[in-house]
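# Analysis of the macromolecular model
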Amino acid sequence: MIKLIATDLDGTLFYPKNRFYARPKKNRIFLRQFIDKGGKLVRVSGRNVKILPSVSRGLKRDADFIGCNGGYIKDEHGFHDRKPIDQKKRSEFYQRFLPDKNIQGWVLFDQFDFLYLTTPHRGTFSTLIYYTYNYLRFAFKELRLGDDKRFEKKRTSSDCYKRRLVFGVGKKAKRKATEYCERFKKEYGESFSFAQSNSAVEITAPHANKGEVLRKYCLEHQIKPDEVLVCGDSGNDLTRFSLFPHSFARSHGDDSFKAKANHVIKHVHDLKEYLENPELRENDTAKP
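Predicted model, so just to flag it, every value in this text is computed and none were measured.

Given 3.6 residues per helical turn, the α-helix brings residues three or four places apart onto the same face. All of the buried residues along helix α3 (residues 52-59) are Leu52, Ser54, Val55, Gly58 and Leu59. For α3, the angular spread of buried residues about the axis comes to 165°, placing them on one side. The elements touched by buried residues of α3 are α2 (25-36), β2 (40-44), β3 (64-67) and β4 (72-75). Phi turns positive, to about 60°, at Lys60, one or two residues after α3.

Written out as structure tokens, the structure is:
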């Protein structure tokens, strides 16, 4: 029996995008019905808490949140299981790679609404375009502070849960992100966790990833791995696929990513078929 659905947000629960209601209507209806029948929903995302009001407004049900790729858990009791990135190690990493012009933007995440952004190799015009684009995202809009002084102050504080390195947009930027992610893993794999998300590389503390934190969450709530459906669309979801057998990739993801899931679905509400027909999940295994 499936007790828990653990879904990513961007590109998964939010696909196709509705700028005003965040999650599509059919997904909202499906998850309401699942919760009303006794199921549990966990939102597992690289985002911070800024997105939660938009999600909750459409769902109208309680659901816990694993934010910043496992940097913390937020539920009815507040924040816990926090895993901030070591301040000294992340400072050394920043100083080494700051001159690298392939990295066009640095973003820091804490437990609050704001994202702290600096774009050391981008001009004022490019930055203005970015802010305009972000504003027009409506429900998906993020609070971004482009003040370098505020970024620097946050960079040296202790409550940073995720760092995001942006390499631009397009296929070329995505290839660079892939290249750098593998390089970072080899050189800094003991100090940080790394995951690629499209044309960016996401950095968290060791063992702060979606899979490990979701596994701990399930242990605390006495839920077995085979009682969970996990759904995602990008590289930061792979740790869940490696720990939970019932894995679902979105159909618009890369072929290499989809190959690491047991099932491919077009929409989150397509999970209903797998809930109603357990035989479709009989041969599922966790994939390394």
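One pass over the structure, following the stated rule, counts 19 salt bridges. Measuring nitrogen to oxygen at the nearest pair gives 2.8 Å for the salt bridge that ties Glu187 to Arg96. Note that Glu187 is positioned in helix α7 (residues 171-188) and Arg96 in helix α4 (residues 87-97), a separation of 91 residues in sequence. Of the residues examined, Glu187 reaches a relative accessible area of 39% and is grouped as partly exposed. Arg96 gets classed as partly exposed once you look at its relative accessible area, which sits at 42%. Where Lys154 meets Asp159, a salt bridge forms, and the shortest distance between an N and an O atom there is 3.0 Å. Each member of the salt-bridge network shares a partner with another, and the members are Asp8, Lys210, Asp237 and Arg240.

Our focus in this paragraph is the packing of α4 against helix α6 (residues 148-155). Running from N to C, α4 and α6 point in directions that differ by 135°, and their axes come no closer than 11 Å. The orientation of α4 relative to α6 falls into the category oblique. Contact residues: Gln87, Arg90, Ser91, Tyr94 and Gln95 in α4; Phe151, Glu152, Lys154 and Arg155 in α6. In terms of residue class, the contact of α4 with α6 is built from two nonpolar, three polar and four charged.

In this structure, Asn69 sits in the loop between β3 and β4. Apart from residues no more than four positions distant in its own chain, Asn69 is found in contact with Ser45, Gly46, Lys162, Glu202, Thr204, Ala208, Asn209, Lys210 and Asn236.

Our next topic: the sheet that holds β3. Taking strand neighbours across the sheet as the criterion, the eight strands line up as β5-β4-β3-β2-β1-β12-β13-β14 in an open arrangement whose pairing is mixed. Sheet topology places β5 (78-80) and β14 (263-265) at the edges, where each strand pairs with a single neighbour. The mean angle between the axes of side-by-side strands here comes to 25°, regardless of whether they run parallel or antiparallel. Relative to strand β12 (residues 228-232), strand β1 (residues 4-7) runs parallel, the two being bridged by four bridges. Bridging across to β12, Thr7 finds its partner in Cys231. On the sheet, helix α8 (residues 210-220) packs against β1, β2, β3, β4, β5 and β12 and is oriented at approximately 160° with respect to β1.

Turning next to the nonpolar core. By size, the foremost hydrophobic cluster in this structure holds 31 residues, and its most contacted members are Ile5, Leu31, Leu41, Phe248 and Leu271. Taken together, the elements giving at least two residues each to this core come down to α1 (9-13), α2, α3, β6 (105-109), β7 (114-118), β12 and α11 (271-276). A per-element tally of this core places α2 first, with four residues. Listed in part, the 22 residues of the second largest apolar core include Phe93, Tyr116, Phe167 and Ala173.

What counts, and at which threshold
Residues numbered from 1 in each chain as written. Predicted model: local features only at pLDDT ≥ 70, side-chain atom pairs only at ≥ 80, totals over all residues. Heavy atoms only, no water. Buried < 20%, exposed > 50% of the residue type's maximum accessible area, 1.4 Å probe, protein only. Helix = DSSP H or I, 4+ residues; strand = E, 2+ residues; numbered from the N terminus. Arc of directions from axis to C-beta. Contact = heavy atoms within 4.5 Å. Salt bridge = Lys/Arg side-chain N within 4 Å of Asp/Glu carboxyl O. Axes fitted to C-alpha atoms, helices over the stretch in contact; angles between N-to-C directions. Parallel < 35°, antiparallel > 145°, perpendicular 65-115°, else oblique. Nonpolar A, V, L, I, M, F, W, Y, C, P; charged D, E, K, R; others polar. Pairing = 2+ DSSP bridges. Core = buried A, V, L, I, M, F, W, Y, C linked by side-chain atoms within 4.5 Å.

Note that every value here comes from positions in space, so none of it alone points to a role or purpose.
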